[in-house]
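One-letter residues, chain by chain:
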Amino acid sequence: MRKFNLFNNTLIYSAYNIGVRGMNYIIVPIIATVLSKDDFGRIGIILSVSTLFSFSMNFGIDNSINRFFHDDNIKPKAFLSTYLFVSLIITSVVSLLLIFGITITSYFYSFPISLVDLAFAFIFALTLVYIKTYERVLKADGHAQTLAIFGLKRTLLKSLLLVSIVFFIETNYIGYFYALITSSTIFFIYAVIILLHKC
């Protein structure tokens, strides 16, 4: 039975990864017809800063979910509520420090990207921290199908918003991030509600 579950979950994860990457490969050439090289450059910088922010917001403690979620000595609900509490404190403190540091530094140093771009990176990173936490809980709990459906829905919504916003509303990198942040905020709210319910 365990071998079947492992094989079944592996197939689901493989199909999920192929589906997500396939949608991303399809969407990039489509929006490339509208966005300029400068827009893509800004998108690359902002996503890099966002990755740095997201790591700073939890210091990789989400890796503990795989290790401790089903530990015999720890109840999953107790672990998850403690994890969310610690994660909230770290995220809040780091967020305040980042906002304060960026605000003070901007008076003395000219950033290669604007404060609006940094806000995009910050908000996107904040939503991703809790989306990734929810995905790790699903993976630790063995819910491969739920994880795959969640990821595919997120990618599909992001793709639809990218095409509609970038083509018809804001045809630059700002439109790209409006779409990205809108889709990630929707799934961030969903993930937080489910995680709190699990506590």
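Structure: see above.
Each chain carries its own residue numbering, running from 1 in the direction its sequence is written. Selection of residues for local features in this predicted model requires a pLDDT of at least 70, selection of side-chain atom pairs for listing and counting requires 80 or more, and totals for whole chains, interfaces and linings are taken over all residues. Where side-chain values are given, they derive from all heavy atoms of the structure, hydrogens and water being excluded.

**Student:** Can you walk me through the overall build of the chain in this structure?
**Tutor:** Summing up its helical and strand segments, the chain has 7 helices and 0 strands in all. Exposed residues in this analysis have more than 50% of their type's maximum accessible area, buried residues have under 20%, and partly exposed residues fall in between, with area computed by a 1.4 Å probe over protein chains only. Looking at the chain as a whole, 38% of its 199 residues qualify as buried. Partitioning the intrachain contacts of the chain with sequence separation of at least 6 by distance along the chain shows that 79% fall at a separation of at least 24. Surface accessibility in these figures is a Shrake-Rupley result with a 1.4 Å probe; residues are shielded only by whichever protein chains are displayed. For the chain, the exposed area adds up to about 11,700 Å²; of that, 70% sits on carbon and sulfur atoms. Secondary structure counts use DSSP, requiring at least four H or I residues in a row for a helix and at least two E residues in a row for a strand, with both numbered from the N terminus. Note on contacts: a residue pair is in contact if any heavy atoms of the two residues lie within 4.5 Å.

**Student:** Explain the pattern of salt bridges here, please?
**Tutor:** Between side chains of opposite charge, pairing is possible as soon as their charged atoms come close. Each salt bridge in this description consists of a side-chain nitrogen of Lys or Arg and a carboxyl oxygen of Asp or Glu lying within 4 Å of one another. What the rule picks out here adds up to 3 salt bridges. Here Arg154 makes a salt bridge to Glu135, at a shortest N to O gap of 3.5 Å. Residue Arg154 is found in helix 6 (residues 144-168), and its partner Glu135 is found in helix 5 (residues 115-140); the two are separated by 19 residues along the sequence. Of the two residues examined, Arg154 and Glu135, each falls in the buried class.

**Student:** What's the story with the packing of helix 5 against helix 6 in this structure? I'm lost.
**Tutor:** When two helices pack together, their arrangement is given by the angle between the helix axes and the distance between those axes. Axes here refer to lines fitted to C-alpha atoms; in helices the fit is confined to the stretch in contact. Angles between the N-to-C directions go from 0 to 180 degrees. Close contact between helix 5 and helix 6 brings their axes to 9 Å; oriented N to C, the two are set at 155°. Classified by the interaxial angle, the pair formed by helix 5 and helix 6 is roughly antiparallel. Along the contact surface, helix 5 presents Leu128, Ile131, Lys132, Tyr134, Glu135, Leu138 and Lys139, while helix 6 presents Thr146, Leu147, Phe150 and Arg154. In the scheme used here, Gly and all other residues not listed as nonpolar or charged are polar, with Ala, Val, Leu, Ile, Met, Phe, Trp, Tyr, Cys and Pro taken as nonpolar and Asp, Glu, Lys and Arg as charged. Considering only residue class, the contact of helix 5 with helix 6 consists of 6 nonpolar, 1 polar and 4 charged. Put simply, angles under 35 degrees are roughly parallel, angles over 145 are roughly antiparallel, angles from 65 to 115 are roughly perpendicular, and the rest are oblique.

**Student:** Looking at this structure, I do not really get the side chain of Ser184. What am I missing?
**Tutor:** With respect to the helices, strands and loops of the structure, Ser184 is situated in helix 7 (residues 173-198). N or O atoms within 3.5 Å of each other form a polar contact, as long as, within protein, one can give a hydrogen and the other can take it, and as long as residues adjacent in sequence are counted only when both atoms are side-chain atoms. In this structure the side chain of Ser184 is engaged in a polar contact, spanning 3.2 Å, whose partner is the backbone oxygen of Ile181. Apart from the residues within four sequence positions on either side, Ser184 is in contact with Phe124, Thr127 and Ile131.

**Student:** Any chance you could explain the packing of aromatic side chains here in plain terms?
**Tutor:** A ring pair, where both rings are aromatic, is described by two values, the distance of the centres and the angle of the planes. Here the aromatic set is Phe, Tyr and Trp, taking the six-membered ring for Trp, and pairing holds for ring centres within 6.5 Å; pairs whose planes are under 30 degrees apart are stacked, those over 60 apart are edge-to-face, and all others are tilted. What the rule picks out here adds up to 9 aromatic pairs. Taking the centre distance of 6.0 Å and the plane angle of 85° together, the rings of Phe120 and Tyr178 count as edge-to-face. In this pair, Phe120 sits in helix 5 while Tyr178 sits in helix 7, placing the two residues 58 residues apart along the sequence. In this structure Phe120 comes out as buried when scored by relative accessible area, which is 8%. Among the residues examined, Tyr178 registers a relative accessible area of 40% and is labelled partly exposed.

**Student:** What is the right way to look at helix 6 in this model?
**Tutor:** An α-helical turn contains 3.6 residues, so a residue and the one three or four places further along point in the same direction. Helix span, expected: 1.5 Å multiplied by one less than the number of residues in the helix. Compared with the 36 Å implied by 1.5 Å per residue over 25 residues, the 36 Å span of helix 6 between its first and last C-alpha is a close match. Within the sequence span of helix 6, burial applies to Ala144, Leu147, Ala148, Phe150, Gly151, Arg154, Thr155, Ser159, Leu161, Leu162, Ile165 and Val166.

**Student:** How should the nonpolar core be read in this particular structure?
**Tutor:** When a protein is soluble and globular, its nonpolar side chains tend to lie buried together. Grouped together as the largest cluster of nonpolar side chains are 51 residues, with contacts concentrated most on Phe53, Met57, Tyr176 and Phe177. Within the residue set of this core, elements represented by two or more residues are helix 1 (2-32), helix 2 (37-58), helix 4 (76-108), helix 5, helix 6 and helix 7. At 13 residues, helix 5 tops the list of elements feeding residues into this core. Sequence-distant contacts of Phe177, that is, excluding residues within four places in its chain, are made with Ile43, Ile46, Leu47 and Phe120. For the purposes of this section, nonpolar cores are sets of buried Ala, Val, Leu, Ile, Met, Phe, Trp, Tyr and Cys residues that join through side-chain atoms within 4.5 Å.

**Student:** When you look at the side chain of Asp39 in this model, what are you seeing that I'm missing?
**Tutor:** Turning to its location among the elements, Asp39 is positioned in helix 2. Only four residue types enter the tally: Lys and Arg on the positive side, Asp and Glu on the negative side, with His and both chain ends excluded. In this structure, Asp39 is buried with no salt-bridge partner, the nearest side chain bearing the opposite charge being Arg42 at 5.9 Å.

**Student:** Hey, could you run me through helix 5 in this one?
**Tutor:** Taking 1.5 Å as the rise per residue, helix 5 with 26 residues should run 38 Å; its terminal C-alpha atoms sit 37 Å apart, in good agreement. Of the residues trailing helix 5, Gly142 is marked for its positive phi of about 80°.

**Student:** What is the right way to read the layout of surface pockets from this model?
**Tutor:** Over the atoms rolls a probe the size of a water molecule, and in doing so it shows where empty space is left. Buried and open spaces are told apart on a 1 Å grid over the protein atoms alone, a cavity being a set of points where a 1.4 Å probe fits but cannot get out and a pocket being an open set with protein on both sides within 12 Å along at least five of seven lines. Residues with an atom within 4 Å of a point are the lining residues. Grid points are joined across faces, edges and corners, and a volume is the space filled by probe spheres set on the points. Each pocket or cavity is described by its volume, and for the largest pocket that value is around 770 Å³. Around the largest pocket, the lining comprises 28 residues; the ones closest to its centre are Val20, Asn24, Lys132, Arg154 and Lys158. Secondary-structure elements contributing two or more residues to the lining of the largest pocket are helix 1, helix 2, helix 5, helix 6 and helix 7. In terms of residue count, helix 1 provides more of the lining of the largest pocket than any other element does, 9 residues in total.

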